[in-house]
Structure formats: structure tokens, C-alpha cells
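Results of the structural survey
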Amino acid sequence: MSFMKLTASTLAVLAASTVIASAREQLQIAGSSTVLPYATIVAEAFGEQGAFKTPVVEGGGSGAGRKKLCEGVGEETIDIANSSSRIKQSDIDTCAANGVAEIMEVRFGYDGIVFASDIGGADFVLTPLDIWGALAAETLKDGAAAANAAKTWADVNPALPAQDIMVFVPGTKHGTREVFDEKVLTEGCKEAGAYDVFLAASTGADDAAKKKEAGAKCMALRTDGASVDIDGDYTETLSRIDANKMAVGVFGLSFYENNTDKLKVATMNGVVPSVESISAGGYPVSRPLYFYVKKAHIGVIPGLKEYVEFFLSDDMAGPDGALADYGLVPDPELQATRDAVAAETPMGALN
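Attention here is on the structure that accompanies the text. (Residues numbered from 1 in each chain as written. Predicted model: local features only at pLDDT ≥ 70, side-chain atom pairs only at ≥ 80, totals over all residues. Heavy atoms only, no water.)

**Regarding the overall build of the protein chain**
Within the protein chain, the secondary structure is distributed over 14 helices and 14 strands. Expressed as a percentage of its 351 residues, the buried residues of the protein chain come to 47%. Surface accessibility of the protein chain: about 16,000 Å² in total, with carbon and sulfur atoms responsible for 54%. Computing the positive centroid from 29 side-chain charges and the negative centroid from 48, the protein chain places the two 6 Å apart. (Helix = DSSP H or I, 4+ residues; strand = E, 2+ residues; numbered from the N terminus. Buried < 20%, exposed > 50% of the residue type's maximum accessible area, 1.4 Å probe, protein only. Areas by Shrake-Rupley, 256 points an atom, 1.4 Å probe, with all protein chains shown as cover. Lys, Arg positive; Asp, Glu negative; His and termini not counted. Charge placed at Lys NZ, Arg CZ, Asp CG, Glu CD.)

Set out below in C-alpha cells:
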């Protein structure tokens, strides 16, 4: 009798878990504000095919999306995290600790980071050195580190407009910020010679600690109002510029290209940001775009693998696909990504 009761109880639990596993019929996707419009376009087209429901796509930032992905496995957790910067080993470790043992990395194209201001404002011809000189908490004075005293862009570079420095920068949870830190601030810091100065003055216990400290100083932004973190998406940055006509904002190329009636873009190292200049490797501030798939949900959440394959199709991510019309720079190695998805190949540890 007890054996029969246990069996019945076990069957009830199994039946309940089966219902839970199949309860959700819509994909849940969250993450990067940069990837959000691309994923939304794909999700709507995917839903229009009729085989599966339209996925739910939300923003929140690359870091927030990866954090959600790593919360665990089950229908109450998301299936895909969009990211405009590559996943970190710390994210992978968090995923593993929470039972998310296998993650599929999907790189689907490239985008650029642009600096843009009000359409009626001054022209900006920028370099990473200019951006760092305008926004760094500490710059160099007579060869030594000193608090940044620049008030106008012309104080940084006489060739720039003599207007007050105000830049709206993506907050630290955004993938755009990671690329901004690495490809703009760090490069400008090194060009100025400040990295070597910071390194020589570091109190770190060893070389690695000294380099980390110097790198952090290169990326530290001033807190006097010249640099303003924006935790929302690019639409918030756009509204801030609308209210502050002299300000400069940091955007993804695709967002700028959809708002050329409101924004004027700056050149970087003399190169105009565009799909063509990024494809040719001329524009210096570009980055790959990704999304990360929870492999354990494939075959459980309806349409997951089908959505990924649809996203990577020629009709979407190909050179003449729908996403190219919205500023996506196609990935020349897209077929290799398709092959990895077909094989459901999980990513390993990062180098």
C-alpha cells in the first residue's frame, strides 16, 4: 500500500513538473538596449509566421540581461540574453553555480558607438584623446596627474567648439559602456601618456594589480556634471539632448541612423561612422553584437532554436536582410555561427 501511494505521489509530481515545463509558450528575452530593436524586429517577423507565438523582448542593459540568464533553469527564467559586449567569465561562473551549465554564444553582426549632438549644433571632429581629455576625472598637468579642470571643449582641443562640456554616457550596466571604456577612454588615456603615469604611481602589490589600478584611473569619469551617466536606453539620452542642445550623447550607430533628423554625428579619428566604414574596418569604435541562449531550454520552451535560426537567416541578419536596413553590419563569419547553432554547440571558458 505504501509503495502504491509513493508511486502515485511520484507520478503526480512528475505530471506537475511536465505542466510547468510546457506552461510557457512565448520566448522570454532581455538585455542590451542596442540589440533591443534588432531582436524586436526579428521577434515580430518570427511571430507573424504563425508557427510560434511572438517572443517577449525587453531591454534593461547587457549586464542585467546576462544576470537574468544566469538566475537558473526553468520556465520562470529567461531563455535569451541580448548583449552588446561579450559575456564575462564571471557571468559564466555565476550561470554554472545556478545550474545553467551550457550557454550558446550567438554573434550576429556588428555595430558602432557614435557621438552625436543636436542637429542644429556645432560640428565635432573627435578623437579618443579628446573624449578622454574632456571626461576623465584626472588628466595630466605638467606631466603629473591632476583633477580635470577643462570647462569647454576648446580647453581640451582648440579646434573644438568653445562650449561647455556635457556628455551623456551609458551607465555601467550597459554593454555600450564597456566598449566606451575600452575603446575610447583607455585608448585616449594611453595616447595622452597618462596610463604610464598612473602605472608608475600605482600602489598595487604586483604587476597585475598595478595595471588594474592604472586602467581603472583611465576609465574614471569626472563627477562635476560634465559627464552624466544614463541608465535608461538611447531614447532617454535623446530626450536629454533635446533639453540640453549643447550636450553630446553616446549612441549605437543604428539608433543614430534612425534619428538623423534630430542628431548630428561626430567623426572619430576623421572617419564618419557608417555601415560602410565599419565593414571596411575604418571606423575605430565598433563592436560585435551577441545574444546568449540557455541550451537547457531548447526542446522545452517552444520555438527557441527556431527563433535563433530565423534570426541568423539571410532574410534577417544577412547582407541584404531586414536588419541591415536598420544599421546592422553583417558578420562575415555568420555561416560559422549558423553551423554552431545547428549543432547546439555550447561555449567553453573564455581565454
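**Focus on the state of the cysteines**
If you walk through the whole model with that rule in mind, you get two disulfides. Each disulfide pairs two cysteine sulfurs, and for cysteine 70 the partner residue is cysteine 95, the sulfurs being separated by 1.9 Å. Since a negative S-S torsion denotes a left-handed disulfide, the cysteine 70-cysteine 95 link at about -75° is left-handed. Linking cysteine 70 in the loop between helix H3 (62-69) and strand S3 (80-83) with cysteine 95 in helix H4 (residues 89-97), this pair joins segments that are 25 residues apart in sequence. Cysteine 70 sits in the buried class, given a relative accessible area of 3%. Residue pairing for cysteine 189: its cysteine sulfur links by disulfide to cysteine 218, the two sulfurs lying 2.0 Å apart. Negative torsions about the S-S bond denote left-handed disulfides, and the value of about -60° found for cysteine 189 with cysteine 218 makes this one left-handed. Of this pair, cysteine 189 sits in helix H7 (residues 175-192) while cysteine 218 sits in helix H9 (residues 207-219); the two residues are 29 residues apart in sequence, bridging distant segments of the chain. Note on accessibility: cysteine 189 and cysteine 218 belong to one class, buried. (Disulfide = S-S within 2.5 Å.)

**Describing the packing of aromatic side chains**
If you walk through the whole model with that rule in mind, you get 15 aromatic pairs. When the centroid spacing of 5.5 Å and the interplanar angle of 50° are considered together, the rings of tyrosine 234 and phenylalanine 255 count as tilted. One end of the pair, tyrosine 234, is in helix H10 (residues 234-243); the other, phenylalanine 255, is in helix H11 (residues 253-257), with 21 residues separating them in the sequence. Take phenylalanine 255: its relative accessible area is 15%, and that puts it in the buried class. The ring of phenylalanine 198 carries lysine 217 above its face, with NZ or CZ at 5.9 Å from the centroid. (Phe/Tyr/Trp six-rings, centres within 6.5 Å; stacked < 30°, edge-to-face > 60°. Lys NZ or Arg CZ within 6 Å of the ring centre and 35° of its normal.)

**A word on the pattern of salt bridges**
All chains considered together, the criterion is met by 21 salt bridges. The residue aspartate 123 makes a salt bridge to lysine 264 at a minimum N-O spacing of 3.1 Å. Here lysine 264 lies in strand S11 (residues 263-265) and aspartate 123 lies in the loop between strand S4 (103-118) and strand S5 (125-126), a separation of 141 residues in the sequence. Look at lysine 264 and you get partly exposed, because its relative accessible area is 23%. Within this structure, Arg66, Asp91 and Glu178 form a network of salt bridges that share partners. (Salt bridge = Lys/Arg side-chain N within 4 Å of Asp/Glu carboxyl O.)

**A closer look at H3**
Ser62, Gly65, Arg66 and Leu69 are the residues of H3 that are buried. Take H3 and look down its axis: the buried residues cluster within an arc of 95°, on one side only. Looking at the packing, one finds that the buried side of H3 touches strand S1 (28-31), S3, H4, S4, H7 and strand S13 (286-294). (Arc of directions from axis to C-beta. Contact = heavy atoms within 4.5 Å.)

**What about the environment of aspartate 231?**
By the secondary structure assignment, aspartate 231 is in the loop between strand S9 (227-230) and H10. The spacing of aspartate 231 and phenylalanine 124 is 107 residues in sequence and 24 Å in space, taken between C-alpha atoms. Ignoring any residue separated from it by four or fewer positions in sequence, one finds aspartate 231 in contact with Gly171, Lys173, His174 and Glu236.

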